[in-house]
Amino acid sequence: MSNFLGSHAINMDAKGRLAIPARVREELQEECGGRIVLTANADEERCLLLYPEPVFENVRAQVLALPNMNKKARRLQRLILGHATQLELDSAGRVLVPPTLRSYARLEKKLMLIGQGKKLELWSEERWFAWLDETDDDDEMPPEMEALSL
């Protein structure tokens, strides 16, 4: 099982290709032979989610099991499944981000790849640092976080 950690500043070329950092690439090769799924994040943050293909299959099953007559569930299905793109790392460890996903996440040249345990998030560098600077006191803290000691 993956354990993607850390943040990586990376670049995307004019064709939409990006090179996965060596440490992450090695983990992806080991876990899934470099086969990944890239899809939209289903919240207002508008980043992309990068899953090893086997991990995404579990996510896919959970999303498909949601009641599609429910408006919020249908939105989640459309975002996650409708944007899901199966990709494979090339011999140089690069991947081509489709134009629809680049547009959705507003990706330009400078990007951030953020480890999140079983998946990675792909952000525009500008949006990532703006998100880090935000203070969000509107949401209530879940009880699990109140007991967390770091």
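Residues numbered from 1 in each chain as written. Predicted model: local features only at pLDDT ≥ 70, side-chain atom pairs only at ≥ 80, totals over all residues. Heavy atoms only, no water.

### Comments concerning the pattern of salt bridges
Then comes step 1: Across all of its chains, the model carries four salt bridges by this definition.
Then comes step 2: A salt bridge links R35 to E53; the shortest N-O distance between them is 3.3 Å. Of this pair, R35 sits in strand β3 (residues 35–40) while E53 sits in helix α2 (residues 53–64); the two residues are 18 residues apart in sequence, bridging distant segments of the chain.
Then comes step 3: Among the residues examined, R35 registers a relative accessible area of 37% and is labelled partly exposed.
Then comes step 4: In this structure, R94 and D90 form a salt bridge, with 3.0 Å as the shortest nitrogen-oxygen distance.
Then comes step 5: With relative accessibility at 30%, the residue R94 sits in the partly exposed group.
Then comes step 6: Relative accessible area serves as the criterion here: at 28%, D90 is assigned to the partly exposed category. (Salt bridge = Lys/Arg side-chain N within 4 Å of Asp/Glu carboxyl O. Helix = DSSP H or I, 4+ residues; strand = E, 2+ residues; numbered from the N terminus. Buried < 20%, exposed > 50% of the residue type's maximum accessible area, 1.4 Å probe, protein only.)

### Some details on α2
For an α-helix, 3.6 residues make a turn, and residues three or four places apart therefore share a direction.
Then comes step 1: Compared with an ideal rise of 1.5 Å per residue, which puts twelve residues at 16 Å, α2 spans 16 Å between its outermost C-alpha atoms and is within 8% of the ideal.
Then comes step 2: Looking only at α2, the buried set comprises E53, V55, F56, V59 and V63. For α2, the angular spread of buried residues about the axis comes to 145°, placing them on one side. Every exposed residue of α2 that faces more than 90 degrees away from the buried side is listed here: N58 and Q62. (Expected span 1.5 Å × (residues − 1). Arc of directions from axis to C-beta.)

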